[in-house]
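Here is how the chains run, residue by residue.
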Amino acid sequence: MKCFWDDRQRAHAPGGEFFNGALHPAAEHPGRVDAILSAVDPTEAPSDFGLEPILRVHSADYVEFLRTAHDQWRDAGRDGDAFPYTFPVVGRRPLKLSRIDALLGQYSFDTSSPIGPGTWEASYWAVQTALAATDAVLGGERSAFALCRPPGHHCGKDYLGGYSYLSNAAIASEHAIATGRTRVAILDVDYHHGNGTQDIFYDRADVAYASIHAEPGTDYPFFWGHADETGSDEGEGATLNLPLPRGTDWSGYGAALTQALDWVESHQPDLLIVSYGADTYERDPISRFELKTSDYTPMARRIAALGLPTVVVMEGGYAVEALGANVAGFLSGF
Ligand SMILES: [Zn+2]
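About the criteria used
- Residues numbered from 1 in each chain as written.
- Predicted model: local features only at pLDDT ≥ 70, side-chain atom pairs only at ≥ 80, totals over all residues.
- Heavy atoms only, no water.
- Donors = N, O, S within 2.8 Å, 3.2 Å for Na, K, Ca; no water.
- Helix = DSSP H or I, 4+ residues; strand = E, 2+ residues; numbered from the N terminus.
- Buried < 20%, exposed > 50% of the residue type's maximum accessible area, 1.4 Å probe, protein only.
- Phe/Tyr/Trp six-rings, centres within 6.5 Å; stacked < 30°, edge-to-face > 60°.
- Lys NZ or Arg CZ within 6 Å of the ring centre and 35° of its normal.
- Disulfide = S-S within 2.5 Å.

Asks: Describe the coordination of the zinc ion, and please don't skip the residues or the numbers.
Replies: The zinc ion binds to the protein through Asp190 (OD), His192 (ND1) and Asp279 (OD), with metal-donor distances spanning 2.0 to 2.1 Å. Along the chain, the residues donating to the zinc ion are arranged with the sequence spacing D-x1-H-x86-D. Of this pair, His192 sits in the loop between strand S5 (184-188) and helix H7 (195-201) while Asp279 sits in the loop between strand S8 (271-276) and helix H9 (296-304); the two residues are 87 residues apart in sequence, bridging distant segments of the chain. Taken individually, His192 and Asp279 each receive the classification buried, so the pair is uniform in this respect.

Dropping the structure here:
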């Protein structure tokens, strides 16, 4: 299996994230990459596909904001990472505001995802990594792994959050459509619901989205990922949410996986994109499922048994001491 990685993804190194009323060490940090690289040997570096594939998913004004936000933050006389503090939840009118604090609120949905001096560069190369892996599979490889960081499944067309700034999986999906594929399926097996990916394709039938995740009544991102969210307009029926309670182990997870795989198969996709998060692991510090390292290989084998050309895109996973083994175990199933 070809593994893609670009070292520029290390440039995003948040000094902390804000939750529970305080700044905490960032769970999503470059040390995650070291853990994965200790167990997985990436053989391929991505080429530069440019901004065009990004702009198929994200609005031009959002991309411009993300590219320049930290410079604007510094120009305002601030040190450290840029954080929002005011959110326009009541009527999100596209006001032409210019103050950086207004823009941060306009384009963020939480306070877990600061923008530092290297956030744009790292996010840009995470996208290129996902595109290169996708190109390899579209070119005939049976499967490929994109070691993407920061992750992407929580950010939407014009907003960031959940450690996500650019939607690696959505951009890869649109790239496949733009190069002639007609149907793509995304299977999201991160612990958290991929609200951004769902939002991007919610009214579309050509990109189906299935997610197995923690019950959003108890777990982040709370407002999305409920079982009755099934898509809208032309996309009605092209979204599947399978929320599971905290404490779910392989027996409960495996049953949901069967349901998700049957559903993916029924959509007859030309390409499968797997948003893989290793935060379903039993000792993940921010998550509450009970999967073991030994569960990831059978999980991947069952996905591989669909026989679809498959791109695996890295999402979350924060138990650094086991992350390498969990990722390597998953990839070995292909
Ligand atoms: Zn997650």
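Further notes follow.
Asks: Go over the packing of aromatic side chains, please, and point to the residues and values.
Replies: For any two aromatic rings, the description comes down to two numbers: the centre-to-centre distance and the angle of the planes. As enumerated under the stated definition, the model contains 18 aromatic pairs in all. Arranged with centres 5.6 Å apart and planes meeting at 75°, the rings of Tyr163 and Tyr318 form a pair that is edge-to-face. You can see Tyr163 sitting in the loop between strand S4 (143-146) and helix H6 (168-178) and its partner Tyr318 sitting in the loop between strand S9 (310-314) and helix H10 (320-332), a full 155 residues away along the chain. A single burial state applies to Tyr163 and to Tyr318, both of which are buried. Centroid distance Tyr276 to Phe330: 3.9 Å. Interplanar angle 10°. Geometry classified as stacked. With Tyr276 in strand S8 and Phe330 in helix H10, this residue pair connects regions lying 54 residues apart in the sequence. There is no split in this pair, since Tyr276 and Phe330 are both buried. One aromatic cluster is present, formed by Phe109, Tyr159, Tyr220, Phe222, Phe223 and Trp224 through successive ring pairs. If you follow Arg8 out to its NZ or CZ, it ends over the ring of Trp125, 3.6 Å from the centre. We note Arg78 situated over the ring of Trp73; from NZ or CZ to the ring centre the distance is 4.7 Å.

Asks: Tell me about the state of the cysteines, and name the residues and values.
Replies: Inspection of every chain in the model, using the stated rule, returns zero disulfides. With no disulfide of its own, Cys3 has Cys148 as its nearest cysteine by sulfur position, at a separation of 12 Å. Overall, the relative accessible area of 7% leaves Cys3 in the buried class. The structure places no disulfide on Cys148, whose sulfur is separated from the nearest cysteine sulfur, that of Cys155, by 11 Å.

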